[in-house]
Every structure is written in C-alpha cells, then in structure tokens.
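For reference, the chains in residue letters:
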Amino acid sequence: MTAMLDVDQLRTFIAISETGSFTKAAEVVNKTQSAVSMQMKRLEERLERPIFSRDGRASKLTEDGQRLLDYARRIVKLNVETLAAFSDAELSGRVRMGVPDDYADRYLPEIMARFSHSYPAVELSVICEPSVDLLERIDGNEIDLAIITNCESKRASETFRRERLLWVTSNRHSTHLEERMPLALGRPSCTWRRIAIERLEAIGMRVLSSSDGFPDLPSCRIGLVRNAHESSALADALAEHIISSLDNLSDAAQAAE
C-alpha cells in the first residue's frame, strides 16, 4: 500500500515556506527546531526528492517544493473542513481575536458572518488595535489569535495574504506636485506611516514630477499569530475561516483574482 502524506508535516512545511526559516516556523507550529527538521526530512524521504534549497540562512523552496505548496495548502484546508463536518461535538465557548483598524471594516464582516454561521454556539470577541499592541496581547495571553501587518517584522506569522502599498492623491488637485506635501498618515506606531516617511525622506522631500515618480513602497504581508500559551480548537477553527476568506497567495486564489 502506498504511504499517505502526513498532514502535520504539511502544516510545518507551509509554515517554513511562509516564514523562510526552520527556526521561525518552529515558533508558528509550536515545535522545537529539531522536530521541524525531522518532519521535513521524513517528508522529503516520502516524496523521494528535495523540497528545500539552502540560500545562506534562509530556506527556499526547490521547484518540487513550489509544486508541493499549493497541494499542501489544499490538503490541510480540506482536512480541517472534513473533521468539522463529521464532528459529533459542537464547538462552544469563547474565542478572542485581535485585528488592526485598517482591516476591521474590510475583512471583519465576512469573517464574523461565516464563522458565526458555522459555529453558532461560539462567542467571538474582537478587539481592534495596531499590530504591535496585538502582539503584546498575544504574549500576555489576552487574546487567542491576531491578524497582523508584518511588513518588516521579525515576528513569525502565518502569512496568508499580500497587499500592495500605494501612494494616492486627489483627481481634482495637484497636491503631490507642491513643494511641501501634506500627508494623511496613521498614528506614530503605524508601520505604513514609518515606511512612507522613510521613502520620502530618502529622496529629500522635493517636488515630484511625473518623470520622477514616487518611490516604490514594499508589498505588505498580512498574517496570523496564534497564542502559544495554550492550544485552542476554537482558535484553529477561526484561523481556517480567516485564511479561506482572505487568502490570495495560493495558486487557486491567484487564478480566481
């Protein structure tokens, strides 16, 4: 009989592909680095081909690793959905989620509607704060799950979406051509604010013409951070709903867009 792929190994594989290192992935999946390494060794032995290539300290996917990634995401997602569909015990209780204000209006309605429909006996508590504050709440065991902006943070997270950062100006005014340019920015702790100011200061804050253009802003990673203090079936269920609702990284999601 042909051996089956191990779903837990695939979860770890996905975490490594998203964080770029075995060490950071170990934080995400709550395992030791040696356990993560052993899982990937067994997965490569099962597939009979390498799925990682070393690039300095980073762990990049080989061509076969890239092929595996989309299958792995679909297998893990289907596994969670199947278990939920045949579970005799209805999940109940309370799950605490944090989300930045930037995403609340855009993402929360769909997430809450889908989750409440699937788990009507669960109370979903939501707090809206900047990513840096949500990470402190995670570390303080105050929330179970957080959606965070992870543009340049070294904190390991389960990246499920990328968004472009764009400069936006009025269609009716040429404010962006003035010598002194007013900016609409978030609070001082906002990562996007810091990046925007740094990029503008790098070009001296001079008048920008169409030939100069504005400096490119980096794409922004949106990811999940889970409470490492305790495992929660409710948090896992909510995480799967968030990923299935907002994912734009898998091949299937990119094709749909």
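Here, the structure is the one placed above.
Residues numbered from 1 in each chain as written. Predicted model: local features only at pLDDT ≥ 70, side-chain atom pairs only at ≥ 80, totals over all residues. Heavy atoms only, no water.

(A) Representation of the overall build of the protein within the structure. A count of helices and strands for the protein gives nine helices and seven strands. Taking all 257 residues of the protein together, 39% fall into the buried category. Surface exposure of the protein reaches about 15,300 Å², of which carbon and sulfur atoms provide 48%. (Helix = DSSP H or I, 4+ residues; strand = E, 2+ residues; numbered from the N terminus. Buried < 20%, exposed > 50% of the residue type's maximum accessible area, 1.4 Å probe, protein only. Areas by Shrake-Rupley, 256 points an atom, 1.4 Å probe, with all protein chains shown as cover.)

(B) Spatial organisation of the sheet that holds strand S4 (residues 122-128). Read from one edge of the open sheet, five strands run S4-S3-S5-S7-S6, paired in mixed fashion. Strand pairing shows two members of the sheet lacking a second neighbour, S4 and strand S6 (158-163), which therefore form its edges. Shown here is a sheet whose adjacent strand axes are inclined to one another by a mean of 20°, direction ignored. Note that strand S3 (residues 93-99) and S4 share seven bridges and pair parallel. Considered in S4, the bridge of Arg94 is made with Glu123. Running at roughly 150° to strand S5 (residues 145-149), helix H6 (residues 131-139) makes contact with S3, S4, S5 and strand S7 (220-226) of the sheet. Sitting on the sheet, helix H8 (residues 233-246) is in contact with S3, S4, S5, S6 and S7, with an inclination near 45° to S3. (Pairing = 2+ DSSP bridges. Axes fitted to C-alpha atoms, helices over the stretch in contact; angles between N-to-C directions. Contact = heavy atoms within 4.5 Å.)

(C) How the structure looks around helix H5 (residues 101-118). Here H5 is 18 residues long and its end C-alpha atoms lie 25 Å apart, about the 26 Å a rise of 1.5 Å per residue gives. Of all the bends found along H5, the most pronounced is centred on Tyr107 and spans about 60°, while Pro109, a proline, follows it within four residues. Among all positions in H5, only Tyr103, Ala104, Tyr107, Leu108, Ile111 and Phe115 are buried. (Expected span 1.5 Å × (residues − 1). Bend = angle between axes of the 7 residues up to and from the residue.)

(D) The arrangement of the pattern of salt bridges in detail. Evaluation of the coordinates by the stated rule reveals eleven salt bridges. Residues Glu142 and Arg137 are paired through a salt bridge, measuring 2.6 Å at the closest nitrogen-oxygen approach. Of the residues examined, Arg137 reaches a relative accessible area of 24% and is grouped as partly exposed. (Salt bridge = Lys/Arg side-chain N within 4 Å of Asp/Glu carboxyl O.)

(E) Representation of the packing of helix H1 (residues 7-19) against helix H2 (residues 22-29) within the structure. The contact between H1 and H2 brings their axes to 8 Å, and the two run at 130°. Classified by the angle between their axes, H1 and H2 sit oblique to one another. Crossing angle aside, the handedness with which H1 passes H2 is right-handed. Every residue of H2 that contacts H1 at Arg11, Thr12, Ala15, Ile16 and Thr19 is listed here: Phe22, Lys24, Ala25, Val28 and Val29. (Parallel < 35°, antiparallel > 145°, perpendicular 65-115°, else oblique. Left-handed = near helix turned anticlockwise from the far one by under 90°.)

(F) Broad picture of the environment of Leu108. Structurally, Leu108 can be placed in helix H5. In this structure the C-alpha to C-alpha distance between Leu108 and Ile242, which are 134 residues apart in sequence, comes to 9.2 Å. Setting aside residues up to four positions removed in sequence, Leu108 forms contacts with Met97, Val99, Tyr103, Val126 and Cys128.

(G) Quick look at the packing of aromatic side chains. For the structure on display, the rule yields four aromatic pairs. Measuring from centroid to centroid gives 5.4 Å for Phe22 and Phe52, while their planes differ by 65°, and the two rings are edge-to-face. Highlighted residues: Phe22 in helix H2 and Phe52 in strand S1 (residues 52-55), separated in sequence by 30 residues. Take Phe22: its relative accessible area is 9%, and that puts it in the buried class. (Phe/Tyr/Trp six-rings, centres within 6.5 Å; stacked < 30°, edge-to-face > 60°.)

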